[in-house]
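What the coordinates show
Spelled out, the chains give:
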Amino acid sequence: MDIFVQQLVNGLTLGAVYAIVALGYTMVYGIIQLINFAHGEVVMIGAMVAFTVINALAAGGMPPLVVVLIGTGCAIPVCMLAGYAMERLAYRPLRNAPRLAPLITAIGVSIILQHLAMLVWSRNVMAFPQIIPLTTYNFLGATITGVQIAILSLCFAMMTGLALLVYRTRLGTAMRATAQNPQVARLMGVDVNRVIAATFVIGAALGAVAGVMVGTYYGVAQYTMGSVLGMKAFAAAVLGGIGNIPGAMIGGLLLGVVEALGAGYIGDLTDLCRWGIGPEASCADGGHFILFGSNYQDVFAFVVLILVLVFRPSGLLGERVGDRA
Amino acid sequence: MKEGGRKVWIGIALIAVALLLLPFALSLAGTAWVRIANLALLYVLLALGLNIVVGFAGLLDLGYIAFYAVGAYVYALLASPHFGLHLPFWVILPIGAAVAALFGVMLGAPTLKLRGDYLAIVTLGFGEIVRIFLNNLSQPVNITRGPQGIAGIDPVRIGGIDFSKSDSLLGAVISGPMKYYYLLLVLMLAIVLINVRLQNSRIGRAWEAIREDETAARAMGIDTTALKLLAFAMGASFGGVAGGMFSAIQGFISPESFVLVESVMVVSMVVLGGMGNIAGVILGALLLSFVPEVLRWTVEPAQRALFGKMLIEPEVIRMLIFGLALVLVMLFRPAGLLPSAVRRRELTDDRAA
């Protein structure tokens, strides 16, 4: 039971971050039906910029919270700029091109961003300075750290903020109108190009914060961190129904929890000795014969994704999509 | 008509002579270049296989490298000291193709109902799942040797010819990589032929119909389920053959060679060259495999000549130029370098509407 709650807490924390990154994918997809392959790299750049600033300020004796906030404050505008630039240069000219063309430019942008980051920050892993004291709380028999609480509350605040933005403001209305039908939205006086650019910029800002959070959580950042994170978040967005904002939130949380619980239990469940069918030589003296260990953690995200899509081909909350590759 | 036909045949003959003499010319610059040409041919095989899935049937597959991996591991397991098995090449290659085709159906079956980008993420996930399994199937029973990879894989032997050694023929030395070049060339011609014949067959036209409008295709009596599975299986089996060749040529494989970037690379080749157009796909594959290599060999000397020392790692510049090239080609030729006739028509129709 303790393990269960513990893995649940860990999974929710990671899932909340997935959800924030997934929002960046799903908002862009909802509006222009583009898989923004480079979004994971934007998250990575957010983490790298923030880490650079935080490392520079760490010795200054400022309170840790202020240092992290300044770091995040620097990362957000950089990522927003990156998001705007990629939309303007690589995607907008291809608005009416065949569907796969912007996908390839997105891949190109992702390669460029990753290697620019390598040029700037080298291949080395950047460590998060030891400035945040480790505070732990007890929660139903599980341990929850201060960082986890901060990540969780920040993620839920951002999700609420985004929901308010999309469903309560003029910009949000324009975004939803563009997503439904860009031509008609344009006729109604919506500046479609601006709305699309705004979507990219908002997604990138969320991504920057997510980058800082995931970096702080693991304590490290590297120029390659964007691809796996991006892939999982993309899976989360599809799981929830791509293009659907509440779907991305649910998909992210679900994926995080499944991954954590899976990693926590799979070793136990596939231990043949536990079921009494393992080979004698390994099982003697309480030994184990584990078919699949926790190093299969990354498989869960995709297995769950495939299972859900078999039964709900458009994701949990998604609507039917067009049928062209 | 006759006149044009003769010109085409002269052109084909010239290309054939050039292809036959190419390895001799390349080996003057170093055997490394023959190896690079072999790798390029492997990518052509892969791109043509993926073209069946993406170009003909319109199913976006971002995990195609998984089939390459399956073919490579089948070859490695059946012809290496790891299990002590040493089956001959012509037995393993069909087995590899069949196993890869089976994996293709395994991917295809649960994804039949998925459309467009949903399919993209599932295929991407499938590729990752296969790679993670290859990486971890060394415990508790050692099947794949995990991240260590499998070494000492047998080279191809046909009759008395060992493809890993040099031979001399009519006074000319034919090195191992050159023999592989000719073998790959034969395979490539076979796959090109299959592609061409498929494209204009009943099956090819049915795929095209599915690509253009799946619902309408089904309404016209096309068995979309069977045909989509067939596309996955055929594409996968070509990937499996290419993987087997990769194993034999390299002599060593590990999960490192089958990462997502490789899938993305093959998709880029197909799209950049011109989806659905066989000549375009070949061009895309050759360009994307040769350009980075040429850059690898020129970037470093160029920097030394200009600045007197190495400022930026060649690998980084290579990838930056590569990424930039992907973006620029797509911006200026959104349908690919050599778009297929159907695509071209679609594009002009869109503009008119």
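Residues numbered from 1 in each chain as written. Chains lettered and ligands numbered in written order. Predicted model: local features only at pLDDT ≥ 70, side-chain atom pairs only at ≥ 80, totals over all residues.

1. Here we look at the overall build of chain A
For clarity, the cut-off: Here a helix means four or more residues in a row that DSSP labels H or I, a strand means two or more in a row labelled E, and each is numbered from the N terminus. Each radius of gyration is computed over the set of C-alpha atoms, and the globule rule expresses the reference value as 2.2 Å times the number of residues to the power 0.38. With C-beta atoms placed from the backbone, a residue is buried if 20 or more other C-beta atoms are within 10 Å of its own, exposed if 12 or fewer are, and partly exposed between those counts. Residues are scored as being in contact if the C-beta atoms we place from backbone atoms lie within 7 Å.
Looking only at helices and strands, chain A features twelve helices and four strands. Rg of the C-alpha trace for chain A: 21 Å, near the compact-globule value of 20 Å for 325 residues, within the 12% margin. Overall, the C-alpha framework of chain A stretches about 75 × 55 × 35 Å when taken along its three principal axes. Here chain A, with 325 residues, has 50% of them falling under the buried criterion. Across chain A, contacts joining residues at least 24 apart in sequence account for 76% of those joining residues at least 6 apart.

2. Describing the overall build of chain B
Per the secondary structure count, chain B includes 13 helices and six strands. The C-alpha radius of gyration of chain B comes to 21 Å, within 12% of the 20 Å expected for a compact globule of 353 residues. Here the C-alpha coordinates of chain B stretch approximately 60 × 55 × 50 Å along the principal axes. Looking at chain B as a whole, 47% of its 353 residues qualify as buried. Sequence-distant contacts in chain B: of pairs separated by 6 or more residues, those separated by 24 or more amount to 73%.

3. Observations regarding the interface of chain B and chain A
To be explicit about the condition: Side-chain classes are defined by residue name, with Ala, Val, Leu, Ile, Met, Phe, Trp, Tyr, Cys and Pro counting as nonpolar, Asp, Glu, Lys and Arg as charged, and the others, Gly among them, as polar.
Contacts between chain B and chain A engage 44 residues on the former and 45 residues on the latter. Top element by residues in the side of chain B that touches chain A is helix α5 (residues 116-136) of chain B. It accounts for twelve residues. Looking at side-chain class alone, the side of chain B that touches chain A contains 30 nonpolar, seven polar and seven charged residues.

4. Structural notes on the pairing of strand β3 (residues 142-145) of chain A
Threshold: Strands were regarded as paired on the criterion that DSSP finds at least two bridges between them.
Where strand β2 (residues 136-139) of chain A lies against β3(A), four bridges are found, and the strand directions are antiparallel. Across the sheet, the residue bridging to A:Y137 is A:I144, located in β3(A).

5. As for the environment of A:I149
Residues and elements named next belong to chain A. Secondary-structure assignment places I149 in helix α5 (residues 146-168). Given 15 C-beta atoms within a 10 Å radius, I149 is considered partly exposed. Between the C-alpha atom of I149 and that of V42, which follows or precedes it by 107 residues, the distance is 24 Å.

6. Describing unusual backbone geometry
Despite not being glycine, A:L140 shows a phi value in the positive range, around 50 degrees. The class for A:L140 is exposed, based on 12 C-beta atoms found within 10 Å.

7. Digging into the nonpolar core
To keep things clear, this is the line we draw: By definition, a nonpolar core groups buried Ala, Val, Leu, Ile, Met, Phe, Trp, Tyr and Cys residues that are joined through C-beta atoms within 7 Å.
If you look at the biggest cluster of nonpolar residues, it comprises 217 residues, and the most contacted ones within it are A:V17, A:A19, A:A235, B:L45, B:A47 and B:V266. Dropping the residues within four chain positions of it, B:L45 is found in contact with B:L187, B:M188, B:I191, B:F238, B:V241 and B:A242.

8. Observations concerning helix α2 (residues 31-56) of chain B
In an α-helix, one full turn covers 3.6 residues, which means residues spaced three or four apart are oriented alike. Residue and element names in this part refer to chain B. Using the following cut-off: One fewer than the residue count of a helix, multiplied by 1.5 Å, yields its expected span. To get the bend at a given residue, fit one axis to the seven residues ending there, fit another to the seven starting there, and take the angle between those axes.
The end-to-end C-alpha distance of α2, which contains 26 residues, comes to 36 Å, matching closely the 38 Å that a straight helix rising 1.5 Å per residue would cover. If you look at α2, its biggest bend is around 40 degrees, right at L50. Extensive coverage of α2 is indicated by the burial of 22 of its 26 residues.

9. Structural notes on the packing of helix α2 (residues 39-57) of chain A against helix α4 (residues 100-121) of chain A
Residue and element names in this part refer to chain A. Quick reminder of the rule: For helices, the axis comes from a line fit to the C-alpha atoms of the stretch in contact; other axes are also lines fit to C-alpha atoms, and the angle between any two N-to-C directions lies between 0 and 180 degrees. Throughout this description, any angle smaller than 35 degrees is read as roughly parallel, any larger than 145 degrees as roughly antiparallel, any in the 65 to 115 degree range as roughly perpendicular, and the remainder as oblique. Helix crossings fall into two classes, left-handed where the near helix is turned counterclockwise from the far one by less than a right angle and right-handed where it is turned clockwise.
At their nearest, the axes of α2 and α4 sit 9 Å apart, and the two run at 20 degrees to each other. If you check the angle between α2 and α4, you find them roughly parallel. Classified by chirality, the crossing of α4 by α2 is left-handed. Note on element contacts: α4 touches α2 through S110, L113, Q114, A117 and W121, opposite E41, M44, I45 and M48.

10. Points about the packing of α2(B) against helix α11 (residues 278-307) of chain B
Residues and elements named next belong to chain B. Viewed as axis vectors pointing N to C, α2 and α11 meet at an angle of 140 degrees, and their least axial separation amounts to 8 Å. Taken together, α2 and α11 sit at an angle that is classed as oblique. Relative to α11, the crossing made by α2 is right-handed. Here α2 contributes I36, L39, A40, Y43, V44, A47, L48, N51 and G55 to the contact with α11, which in turn contributes V281, I282, G284, A285, L286, S289, F290 and E293. For the contact of α2 with α11, the class distribution of residues is twelve nonpolar, four polar and one charged.

11. Brief notes about the confidence of the model for chain B
Convention followed: Values of pLDDT, the confidence the predictor places in each residue, fall between 0 and 100.
On average, residues of chain B carry a pLDDT of 86, and 95% of them reach 70 or more. Model confidence for the complex is summarised by a pTM of 0.86, with the ipTM given as 0.85.

12. What about the environment of A:A301?
Residues and elements named next belong to chain A. Of note, A301 is situated in helix α12 (residues 297-311). C-beta crowding within 10 Å serves as the criterion here: with 27 such atoms nearby, A301 is assigned to the buried category. Distance in space between the C-alpha atoms of A301 and T145 is 24 Å, their sequence separation being 156 residues. Those residues in contact with A301, other than ones at most four positions away along the chain, are K232, A235, L255 and E259.

13. Some remarks on the environment of A:P313
Here A:P313 shows up in the segment after α12. Residues A:P313 and A:M118 lie 195 residues apart in sequence; the distance between their C-alpha atoms is 38 Å. Contact partners of A:P313, with chain neighbours within four places excluded, come to B:K113, B:L114 and B:Y118.

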